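# Survey of secondary and tertiary structure
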Amino acid sequence: MGTLYLVATPIGNLEDITLRALRVLREVRLIAAEDTRHTRILLDHYQIVTPCISYHEHNKLARRDEILAVLQTGDVALVSDAGTPAIADPGHELVQVCLAAGHTVTPIPGPSAPVAALVASGMATDRFAFIGFLPRQPRERRELLREIADMTLTIICFETPHRLLEALHDIAATLGARQLAVANDLTKRFEAIVRGTAAELVEHFTQHPPRGEFTIVIAGAVPSGERKRNRRRLRATAETVSPEAIAAYLRELVAQGVSSSTAVRRTAQELGVPKNAVYDVWHDIFGT
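Residues numbered from 1 in each chain as written. Predicted model: local features only at pLDDT ≥ 70, side-chain atom pairs only at ≥ 80, totals over all residues. Heavy atoms only, no water.

### Comments concerning the nonpolar core
This is how it is decided: What we call a nonpolar core is a set of buried Ala, Val, Leu, Ile, Met, Phe, Trp, Tyr and Cys residues that are connected through their side-chain atoms within 4.5 Å. Three exposure classes are used, based on accessible area relative to the maximum for each residue type with a 1.4 Å probe and protein chains only: buried under 20%, partly exposed in between, and exposed over 50%. We count a stretch as a helix when DSSP gives it H or I for four or more residues in a row; a strand needs E for two or more, and each element gets its number in order from the N terminus. We call two residues contacting when some pair of their heavy atoms lies within 4.5 Å.
If you look at the biggest cluster of nonpolar residues, it comprises 24 residues, and the most contacted ones within it are Leu 168, Ile 171, Leu 180 and Phe 205. Secondary structure elements with two or more residues in this core: helix H6 (138-148), strand E7 (154-159), helix H7 (164-175), strand E8 (179-184), helix H8 (198-207) and strand E10 (214-218). The greatest single-element share of this core, amounting to 5 residues, is contributed by H7. Contact partners of Leu 168, with chain neighbours within four places excluded, come to Leu 180, Val 182, Ala 198, Leu 201, Val 202 and Phe 205.

Here it is as structure tokens:
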């Protein structure tokens, strides 16, 4: 009885592959790849000549019996276009079928975009949830965001470039001024991780149109008890910071060329006062 190997492959940089993964890809009887053309780039780079067939969302049922037949006499490796197979990609059905047929299923760990984005995000890593791609339809996307709004663990999701701005608008409207990290093209030449609130990231990606692949990391909700303590602390702090001090801080930032939204946010953070109090002073000074 053969073994099904779930082999993690690079998410961009071809050097991000383990020695064990290369050995397995050379030794198995067959490689089942999400896109054989994409996987061939990796195989050619490392001079691997193992036969390769496609296994993707549209042919997974038709390929199942073919893969099971090969497993009767040898091993098979499953790979996705990038990262760990069966995560937001076809694969878990094949794993279930192979287990039911008595085959061993062995993971070959390696690159994973959600984990890479999480550890570089600056968010809490002790408890997190990966929810895959956000729904395409706005209504369904907002419903999902409302479902996770009270979760205190870090949330990780994928989004496409043409829907990124819409998703950030919905995150801002549903989750408020929560911290995010948006990772773009991880491990590739133009890798970038942008951090800030959803509203700030909308401003950023409006000025820099999104391209490539995106992983979004969203900070968890603040526990209700801590929120109450924060509100009490903000009220106490607001009483000790004068409007004159807030105005002076705002004028200094504006003189540096900082935008209005950023000036308000930074003033609130640095002085420890609510944003609405800073907005009131802003309107008194600038009238907008």
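### Let's talk about the pattern of salt bridges
One side chain can pair with another of opposite charge once the charged atoms of both are near each other. Rules: Criterion for a salt bridge: a side-chain nitrogen of Lys or Arg within 4 Å of a carboxyl oxygen of Asp or Glu.
Under the definition given, this model contains 14 salt bridges. Between Arg 63 and Glu 66 there is a salt bridge, with its nearest N and O atoms 2.9 Å apart. Taken together, the residues Arg 63 and Glu 66, both in helix H3 (residues 60-71) and 3 residues apart, mark about one turn of the helix. For Arg 63, a relative accessible area of 22% translates into the label partly exposed. Of the residues examined, Glu 66 reaches a relative accessible area of 34% and is grouped as partly exposed. Here Asp 170 ties to Arg 142 by a salt bridge, and the two come within 3.4 Å at their closest N and O atoms. Residue Asp 170 is found in helix H7, and its partner Arg 142 is found in helix H6; the two are separated by 28 residues along the sequence. Taken together, the salt bridges that share partners define one network made up of Arg 141, Arg 142, Glu 166 and Asp 170.

### Digging into the pairing of strand E2 (residues 30-33)
The test is simple: Each pair of strands is called paired provided DSSP finds at least two bridges between the two strands.
Along E2, one buried face is formed by Leu 30 and Ala 32 and the opposite face, lined by Ile 31 and Ala 33, is buried too. Here E2 pairs with strand E4 (residues 76-79) via 4 bridges, running parallel. Paired with Leu 30 across the two strands is Val 76, which belongs to E4. Of the strand pairs in this sheet, E2 and strand E3 (residues 52-54) are connected by 3 bridges, and their pairing is parallel.

### Some thoughts on the packing of H6 against H7
Selection criterion: Whenever a helix is involved, its axis is fitted only over the stretch in contact; in every case the axis is a line through C-alpha atoms, and angles between N-to-C directions fall within 0 to 180 degrees. For classification purposes, angles smaller than 35 degrees are called roughly parallel, those larger than 145 roughly antiparallel, those between 65 and 115 roughly perpendicular, and all remaining angles oblique. The hand of a helix crossing depends on one turn: near helix anticlockwise from the far one by less than a right angle means left-handed, and clockwise means right-handed. Under the scheme applied, nonpolar residues are Ala, Val, Leu, Ile, Met, Phe, Trp, Tyr, Cys and Pro; charged residues are Asp, Glu, Lys and Arg; polar residues are all the others, including Gly.
Look at H6 against H7: their axes get within 10 Å of each other, and the N-to-C directions meet at 40 degrees. What the angle tells us is that H6 and H7 run oblique. Judged by the sense of rotation from one axis to the other, the crossing of H6 with H7 is right-handed. Contacts between H6 and H7 pair Pro 138, Arg 141, Arg 142, Leu 145 and Arg 146 from the former with Glu 166, Ala 167, Asp 170, Ile 171, Thr 174 and Leu 175 from the latter. Each residue belonging to the contact of H6 with H7 can be placed in one class, and the counts come to 5 nonpolar, 1 polar and 5 charged.

### Some details on the packing of H7 against H8
Here H7 crosses H8 at 160 degrees, and the two axes come no closer than 8 Å. Between H7 and H8, the crossing angle belongs to the class labelled roughly antiparallel. Here the hand of the crossing between H7 and H8 comes out left-handed. On H8, the residues touching Leu 164, Leu 165, Leu 168, His 169, Ile 171 and Ala 172 of H7 are Ala 198, Ala 199, Leu 201, Val 202, Phe 205 and Thr 206. Here the residues of the contact of H7 with H8 sort into 10 nonpolar, 2 polar and no charged.

### Some remarks on the sheet that holds E7
The strand order across the open sheet formed by 5 strands is E6-E7-E10-E8-E9, and the pairing between neighbours is mixed. Taken across any chain shown, the strands that pair with only one partner, and hence form the sheet edges, are strand E6 (128-133) and strand E9 (192-197). The average undirected angle you get between the axes of adjacent strands in this sheet is 20 degrees. Across 4 bridges, E6 lies against E7 in parallel orientation. Counted as the bridge partner of Phe 130 is Ile 156 from E7. Where H8 meets the sheet, its contacts fall on E8, E9 and E10, and the angle it forms with E9 comes to roughly 135 degrees.

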